[in-house]
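Analysis of the macromolecular model
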Amino acid sequence: METIAKYAYQVYKRESFSKAAKDLYISQPSLSAAISRLENELGFRIFDRSTLPCSLTPEGRIYIESLEEIMESENNMRKRITAISDTDHGYITVGGSSFASYLILSEICDEFYKKHPKINVTLDIGNVGNHEFLLEKLDNHELDILVAYIDPRKKYTKYISEPFFEERLVIAMNKKMNGAEKLRHLALTRDEILTKSYYPDREIEDTSIFGDIEFLSFPRRSQTEQRMVKILGNYKTSHYEIQNARHSEMHYNLMSAGIGAVLTSSLAIAQKPYDENILFFMPKSEDSYRKVFLVYNYSSKNNPLIKSFINVAKSIYLKK
């Protein structure tokens, strides 16, 4: 940012020409003359000098907001350059709104910290917004890596999507639920699901057998709700509704209490301790497979910290 613009911003922050002049180590007449020259070049007044403290004109407000955008852009640039040139004192921001991001990042960050103990890591988890909103955060370099259920390469060429791992969506219910007992002979154990040691014919193709089971629903238009419809058809809903799709932990806890069945993931099941009261059923459906991607900008492909984070993540989950 140019020196004269920095002068104007300091006057704005201090709301005073005299205080700003002291901060800048120049005389007040020199500062006033410099700002006047800038205003003449711009064709409008930045400051209303008739008020105490000094205030912005409407045009000046736009000018200052534009300066702040430039400052933010320069700050992001410095962070990116630092990350590329210094793997000991860089920055990285990882984000996502997917349930997977809640479950996997602590383990990844643990290993990444061992490898890069001085790197500043920001986790932006639980973003409110759709996929386009999250991709926009990548575009603005507010995120370096996005954990997502989407592969944006199908629509955009400016992103790189690293296939991370694939999870299965599983039907889970407490065996004390109404209608659960008659399905018990079809259930899989937790170990069978996690080790994939069951026979393929144990997967359930006709999900109409769950017609009498009440399910905890997810918000309409959420990814999980859309998959529930594809897998279960017109399923029966319980009397409990959770508005926020990101609170899948609450869905699981309510299911464990016997309030309703739930469509959960093999990843979530792995995070939970063994519970003899929970029955698991594996639907035989292409929609029960869900891929997780690590997404980043093509322009960041040579960033060593991004490469390192992804390598750490893959080294953990390729073993599972």
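Let's talk about the overall build of the protein
Helices and strands together make up the secondary structure of the protein, namely 11 helices and 11 strands. Relative to a compact globule of 320 residues, whose C-alpha radius of gyration would be 20 Å, the protein shows 27 Å and is clearly more extended. Projected onto its principal axes, the C-alpha positions of the protein cover 90 × 40 × 35 Å. Looking at the protein as a whole, 45% of its 320 residues qualify as buried. Counting only contacts in the protein whose residues sit at least 6 apart along the sequence, the fraction spanning at least 24 positions is 71%. Carbon and sulfur atoms make up 49% of the accessible area of the protein, which amounts to about 17600 Å² in all. Computing the positive centroid from 43 side-chain charges and the negative centroid from 43, the protein places the two 2 Å apart.

Section: the confidence of the model for the protein
Mean pLDDT for the protein: 86, with 92% of residues reaching 70 or above. Within the protein, the element-level pLDDT minimum falls on helix H6 (residues 131–139), averaging 78, and the maximum on strand S10 (residues 278–281), averaging 96.

Overview of the side chain of Ser300
Among the secondary structure elements, Ser300 is positioned in the loop between strand S11 (289–297) and helix H11 (304–317). If sequence neighbours within four positions are ignored, Ser300 has contacts with His141 and Ile306.

Section: unusual backbone geometry
The omega angle of the peptide bond from Leu52 to Pro53 is 0°, so this bond is cis rather than trans. The residue His141 is not glycine, and still its phi comes out positive at about 60°. Take His141: it is sitting in the loop between H6 and strand S5 (145–148). In this structure His141 comes out as partly exposed when scored by relative accessible area, which is 21%. A positive phi angle, near 55°, is found at Lys196, a position not held by glycine. Within the secondary structure, Lys196 is located in the loop between helix H7 (190–195) and strand S7 (214–217).

Details of the packing of helix H1 (residues 3–14) against helix H3 (residues 28–42)
Between two packed helices, what matters for the description is the angle formed by their axes and the separation of those axes. Closest axis-to-axis distance for the H1/H3 pair is 10 Å, and the angle between their directions is 110°. By the angle class used here, H1 and H3 are roughly perpendicular. The interaxial crossing formed by H1 with H3 has left-handed handedness. On the side of H1, the interface is formed by Ile4, Tyr7, Ala8 and Val11, while H3 contributes Leu31, Ala34, Ile35 and Leu38. Here the residues of the contact of H1 with H3 sort into 8 nonpolar, no polar and no charged.

Concerning the nonpolar core
If you look at the biggest cluster of nonpolar residues, it comprises 35 residues, and the most contacted ones within it are Met173, Phe210, Phe215 and Phe281. At the level of secondary structure, the elements contributing two or more residues to this core comprise strand S6 (159–174), S7, helix H8 (223–232), helix H9 (248–256), strand S9 (262–265) and S10. With 5 residues, the single largest contributor to this core is S6. Look past the residues within four positions of Phe215 in its chain and what remains in contact with it is Ile171, Phe210, Met228, Leu232, Tyr235, Lys236, Thr237, Ser238, Ala261 and Val262. Judged by nonpolar contacts, the second largest core, of 30 residues, contains Ile119, Ile160, Tyr296 and Phe309.

Things to note about the pattern of salt bridges
What the rule picks out here adds up to 14 salt bridges. Close ionic contact of Lys114 with Asp110 constitutes a salt bridge, the shortest N to O distance being 3.7 Å. Here the residue Lys114 and the residue Asp110 both occupy positions in helix H5 (residues 99–115), the gap between them amounting to 4 residues, near one helical turn. Residue class for Asp110 comes out partly exposed when judged on its relative accessible area of 38%. For Glu192, the salt bridge is made with Arg202, and the minimal N-O distance between the two is 3.8 Å. In this pair, Glu192 is assigned in helix H7 and Arg202 in the loop between H7 and S7, connecting sequence segments 10 residues apart. Residue classification places Arg202 among the partly exposed residues on the basis of a relative accessible area of 27%. It is possible to trace a salt-bridge network through shared partners that takes in Glu39, Arg45 and Arg49.

Overview of the environment of Pro283
Among the secondary structure elements, Pro283 is positioned in the loop between S10 and S11. Pro283 has contacts with Arg168, Leu169, Val170, Ile171, Glu203, Ile204, Thr207, Ile231 and Ser288, leaving out every residue within four places of it along the chain.

With respect to the pairing of S9
Moving residue by residue along a regular strand, the side chains alternate between the two faces of the sheet. Burial of S9 is two-sided: the residues Val262 and Thr264 facing one way and the residues Leu263 and Ser265 facing the other way are all buried. Across 4 bridges, the pairing between S6 and S9 is antiparallel. Of the residues in S9, the one forming a bridge with Val170 is Thr264.

Section: the side chain of Ser161
Within the secondary structure, Ser161 sits in strand S6. On the basis of relative accessibility, which here comes to 2%, the residue Ser161 falls in the buried class. Leave out the neighbours within four places in its chain, and Ser161 touches Asp151, Pro152, Arg153, Phe293, Leu294 and Val295.

Calculation notes
- Residues numbered from 1 in each chain as written.
- Predicted model: local features only at pLDDT ≥ 70, side-chain atom pairs only at ≥ 80, totals over all residues.
- Heavy atoms only, no water.
- Helix = DSSP H or I, 4+ residues; strand = E, 2+ residues; numbered from the N terminus.
- Rg over C-alpha atoms; globule rule 2.2 N^0.38 Å.
- Buried < 20%, exposed > 50% of the residue type's maximum accessible area, 1.4 Å probe, protein only.
- Contact = heavy atoms within 4.5 Å.
- Areas by Shrake-Rupley, 256 points an atom, 1.4 Å probe, with all protein chains shown as cover.
- Lys, Arg positive; Asp, Glu negative; His and termini not counted.
- Charge placed at Lys NZ, Arg CZ, Asp CG, Glu CD.
- pLDDT = per-residue confidence, 0-100.
- Axes fitted to C-alpha atoms, helices over the stretch in contact; angles between N-to-C directions.
- Parallel < 35°, antiparallel > 145°, perpendicular 65-115°, else oblique.
- Left-handed = near helix turned anticlockwise from the far one by under 90°.
- Nonpolar A, V, L, I, M, F, W, Y, C, P; charged D, E, K, R; others polar.
- Core = buried A, V, L, I, M, F, W, Y, C linked by side-chain atoms within 4.5 Å.
- Salt bridge = Lys/Arg side-chain N within 4 Å of Asp/Glu carboxyl O.
- Pairing = 2+ DSSP bridges.

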